[in-house]
Amino acid sequence: GYSTYVKNTSLNLSAFYRHTGNAIENVTTVGSDNVSRTTFQNIAKNNTLGFDFFGSTNLFERWMINLNANAYYLMLNSPSLDVENSGWQFKGSIYSSFKISDRFSLAGYGMYNGTQIQLQGSKTSWYYYFVGLQTTVLKGKGTITLAGENFFTPEVKMTTKYNYQNAVFTQQSTYYGGGVRLSFNWSFGKMNFMKTKGVKNDDLKSGDTGQPGMGGN
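Residues numbered from 1 in each chain as written. Predicted model: local features only at pLDDT ≥ 70, side-chain atom pairs only at ≥ 80, totals over all residues. Heavy atoms only, no water.

Engineer: Is there a simple way to think about the nonpolar core in this case?
Structural biologist: Most often, soluble globular proteins have nonpolar side chains that are buried together. Listed in full, the nine residues of the largest apolar core are V27, I43, A44, L74, L76, L81, V83, I117 and L119. Sorting the residues of this core by element identifies β3 (36–59) and β4 (63–78) as the ones contributing at least two each. Setting aside residues no more than four positions away along its own chain, V83 makes contact with L76, N77, S78 and L119. (Core = buried A, V, L, I, M, F, W, Y, C linked by side-chain atoms within 4.5 Å. Buried < 20%, exposed > 50% of the residue type's maximum accessible area, 1.4 Å probe, protein only. Helix = DSSP H or I, 4+ residues; strand = E, 2+ residues; numbered from the N terminus. Contact = heavy atoms within 4.5 Å.)

Engineer: It is not clear to me how the pattern of salt bridges should be interpreted in this structure. Could you clarify?
Structural biologist: Opposite charge on two side chains permits pairing when their charged atoms draw close. Evaluation of the coordinates by the stated rule reveals one salt bridge. Here R181 and E149 are joined by a salt bridge, their closest N and O atoms 3.0 Å apart. With a gap of 32 residues between them, R181 in strand β13 (residues 179–186) and E149 in strand β10 (residues 142–149) connect regions that are remote in the sequence. R181 sits in the partly exposed class, given a relative accessible area of 29%. A relative accessible area of 16% places E149 in the buried class. (Salt bridge = Lys/Arg side-chain N within 4 Å of Asp/Glu carboxyl O.)

Engineer: So what exactly am I meant to see when it comes to unusual backbone geometry here?
Structural biologist: The phi angle of most residues is negative, glycine excepted, and most peptide bonds adopt the trans form. Positive phi outside glycine occurs at E61, with the angle close to 65°. Here E61 shows up in the loop between β3 and β4. By relative accessible area, E61 is classed as exposed at 81%. For N150, which is not glycine, the phi dihedral falls at a positive 45°. Under the relative-accessibility criterion, N150 is labelled buried at 1%.

What follows is the structure in structure tokens.
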């Protein structure tokens, strides 16, 4: 991985490879009665190659931006079913806030989840976002947020498609995510962190077995 911090900006980039020889996957079969049955089985090999990215910056002492993203190539293979599937997957999110004054700030969040690859098919992408106004109350201990969610595109359509050994399944779904949200957060109490005493070699009495004893000296 690679990490760097320059002034008010932090960046982190890492690459990875994962191999699972006995991965658990959804497996659907259609019987002679035309009824589909879905179970979880350890029948697939999963190879994943990709990278993760995180970035954070503060601009003009008022504007904060956080960005998360990962992309990877997924390869699924089941010799027992003679089925394989592969493809790119991408996930990303961004959060930003701009301080208008000591009490008021604008905040926004957006996320995108790309096509989900599965052993017997795939699901198309979906997304979510909001933009809102936030104000502090109760001497900074509470916050009130008024936000609009998916207001430009309240309907999110998804397509699910599976290819079985003797059938094809396609489903069109529509999710309604538009709306207005009013929330209140209140922080109370105080958390203290105390440094505990560790066990050193000279804390052990001569003749001990090397295990720390109970009680003090």
